[in-house]
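What follows is each chain in one-letter form.
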Amino acid sequence: MNIRFLGSLLLICVLSCFGQTSPKHYAGPRKLGPFDLDTEMPMSEMFDLLKVAPIKMANPICFRSTDGTYMWIERMGMETAEEREFVGSIFLSIFANCVRNPVHVSPESIAKWKTKEGIGLGSTKQDVLRIYAKPSKHNVIKGDMYQSIIVGGFQGGIYTITPKPDIGYEVFEYTEKDSLMTAEFGFRKGIIIWISISENE
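Residues numbered from 1 in each chain as written. Predicted model: local features only at pLDDT ≥ 70, side-chain atom pairs only at ≥ 80, totals over all residues. Heavy atoms only, no water.

Q: Is there a simple way to think about unusual backbone geometry in this case?
A: With the exception of glycine, the majority of residues adopt a negative phi angle, and the majority of peptide bonds are in the trans configuration. With an omega of -5°, the peptide bond running from N59 to P60 counts as cis. Residue placement: P60 occurs in the loop between α2 (43-50) and β3 (61-65). At K51, a position not held by glycine, the phi torsion is positive, near 60°. Given a relative accessible area of 58%, K51 falls into the exposed group. Although it is not a glycine, A133 sits at a positive phi angle of roughly 65°. Relative to the helices and strands, A133 resides in the loop between α4 (125-132) and β7 (137-140). (Helix = DSSP H or I, 4+ residues; strand = E, 2+ residues; numbered from the N terminus. Buried < 20%, exposed > 50% of the residue type's maximum accessible area, 1.4 Å probe, protein only.)

This is the structure:
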């Protein structure tokens, strides 16, 4: 076995071992349904699309589609009037959400909302890996982890809703160190049951 061959073998090992590390750039979806991380979406546009009357000041705002899908949206911020007028993040799920907040009914079929690459509720873990590659973080849900996705579930820092919604077993998170862009996919038995995409802090 000559030195050149050993060098090639070492290079292959390095590439295979370190090439699978989490990407430093944002590799997740930049769009989910009408919400695009690369453009500012006015809240008024979202309300029109959902066919609901404008909702002032509330944050987050909860919706239930007539197709059975749940969603909440967060404004870009609450400190200034401008921040309050734009969507900062959205969350979709197949399970009920917003336990202490008003839930507004929309005829829009939210279950059909997908990323630009075609990933949505019901897609598989393999679909996500094939399109977005290895996530920045891969978390197994234990205890009260991720229970904060249930709006209104916490009081005084304690999760108070029983029984707890089944939010799945694991999460893929796509982030970027120097960016606010974040996407999360929650899985149950390898199937997406919730999606979050955000550019909020």
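That was the structure; now back to the text.
Q: When you look at the nonpolar core in this model, what are you seeing that I'm missing?
A: It is characteristic of soluble globular proteins that their nonpolar side chains tend to be buried jointly. Residues F63, I90, V128 and F185 are the most contacted members of the largest nonpolar core, which totals 33 residues. At the level of elements, α2, β3, β4 (70-75), β5 (87-93), α4, β10 (170-175), β11 (182-188) and β12 (191-198) are the ones that each hand at least two residues to this core. For this core, the element with the most residues is α2, which contributes four residues. Beyond its immediate chain neighbours, meaning those up to four positions away, F185 contacts P29, I119, V128, Y132, E170, V171, F172, Y174, I192, W194 and I195. The next biggest cluster of nonpolar side chains, apart from the first, holds 14 residues, and it includes I141, Y146, I149 and I193. (Core = buried A, V, L, I, M, F, W, Y, C linked by side-chain atoms within 4.5 Å. Contact = heavy atoms within 4.5 Å.)

Q: Can you help me understand the sheet that holds strand β6 (residues 103-106) in this one?
A: Paired through backbone hydrogen bonds, the strands of a sheet run either parallel or antiparallel to each other. Here eight strands make up an open sheet; going across it, the order is β6-β3-β4-β5-β12-β11-β10-β7 and the pairing mixed. The open sheet has two edge strands, β6 and β7, and neither has a second partner. Across the sheet, the mean angle from the axis of one strand to that of its neighbour is 20°, orientation sign disregarded. Here α4 sits on the sheet in contact with β10, β11 and β12, set at roughly 15° to β10. (Pairing = 2+ DSSP bridges. Axes fitted to C-alpha atoms, helices over the stretch in contact; angles between N-to-C directions.)

Q: Just to check I follow, could you spell out the confidence of the model for the protein chain for this structure?
A: Do not read the fine detail of predicted coordinates wherever pLDDT is low. Confidence in the prediction for the protein chain averages 83 pLDDT; 82% of positions are at 70 or higher. α4 holds the highest mean pLDDT among the elements of the protein chain, 97, whereas helix α1 (residues 3-18) holds the lowest, 41. Contacts from residues 1-23, a stretch scored under 50 in pLDDT, to residues over four places away or in other chains number 11 contacts. (pLDDT = per-residue confidence, 0-100.)

Q: Sorry, what's going on with the state of the cysteines here?
A: Here a disulfide denotes a covalent bond joining the sulfur atom of one cysteine to the sulfur atom of another. Counted according to the given criterion, the structure contains one disulfide. The residue that forms a disulfide with C62 is C98, at a sulfur-sulfur distance of 1.8 Å. In this structure the cystine formed by C62 and C98 twists about its S-S bond by roughly -90°; its chirality is therefore left-handed. On the criterion of sequence distance, the pair formed by C62 in strand β3 and C98 in the loop between β5 and β6 is long-range, its members being 36 residues apart. Each member of the pair, C62 as well as C98, carries the same accessibility label: buried. (Disulfide = S-S within 2.5 Å.)

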